[in-house]
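# Results of the structural survey
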Amino acid sequence: MNPLVEFCISNLAAGAQQTYEALERDPNIDVLEYGCLSYCTKCDRSLYALVNGDVVEADTPEELTNKIYQYIEENPLF
């Protein structure tokens with residue numbers, strides 16, 4: 001079972017698209033996008049994604065990508 005990373009389409013438009021594309025190329029991560037994840041205040045102020053149901057936030061796409069990989073490493077599924 002791969003880690004699941006979920007993105008809000010509004011946050012993708014705000015700058016998280018680069019992170020989405022980087023993770024999409026990783027065969028060991030499942031990536032999904034939704035119209036809304038109901039984290040509007042987070043979406044308005046930073047880039048974020050849900051990683052296995054937990055919020056990971058950052059200020060830049062590069063930082064978000066790094067934080068997601070760090071989260072996955074520190075919180076294995078098994």
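Please refer to the structure placed before this passage.
The rules behind these values
Residues numbered from 1 in each chain as written. Predicted model: local features only at pLDDT ≥ 70, side-chain atom pairs only at ≥ 80, totals over all residues. Heavy atoms only, no water. Helix = DSSP H or I, 4+ residues; strand = E, 2+ residues; numbered from the N terminus. Rg over C-alpha atoms; globule rule 2.2 N^0.38 Å. Buried < 20%, exposed > 50% of the residue type's maximum accessible area, 1.4 Å probe, protein only. Contact = heavy atoms within 4.5 Å. Areas by Shrake-Rupley, 256 points an atom, 1.4 Å probe, with all protein chains shown as cover. Phe/Tyr/Trp six-rings, centres within 6.5 Å; stacked < 30°, edge-to-face > 60°.

## Regarding the overall build of the protein chain
Tallying secondary structure elements over the protein chain gives 3 helices and 4 strands in all. When the helices and strands of the protein chain are listed from N to C terminus, the series reads β-α-β-α-β-β-α. For 78 residues, the compact-globule estimate of 2.2 N^0.38 gives 12 Å, and the protein chain sits close to it at 11 Å. If one aligns the C-alpha atoms of the protein chain with their principal axes, the spans along those axes are about 35 × 20 × 20 Å. With 78 residues in all, the protein chain has 40% of them scored as buried. The contacts of the protein chain with a sequence gap of at least 6 include a subset with a gap of at least 24, amounting to 59%. Counting only carbon and sulfur atoms, one obtains 49% of the accessible surface of the protein chain, whose full area is about 4600 Å².

## Side note on the packing of aromatic side chains
Tallied over the entire structure, the rule returns 2 aromatic pairs. An angle of 75° between the planes, with centres 5.5 Å apart, marks the rings of Phe7 and Tyr20 as edge-to-face. Of this pair, Phe7 sits in strand E1 (residues 4-8) while Tyr20 sits in helix H1 (residues 9-24), and the two are 13 residues apart along the sequence. We note that Phe7, like Tyr20, is buried. Aromatic side chains Tyr39 and Tyr48 sit 5.9 Å apart centroid to centroid with 55° between the ring planes, which places their arrangement in the tilted category. The class of Tyr39 is partly exposed, set by a relative accessible area of 28%.

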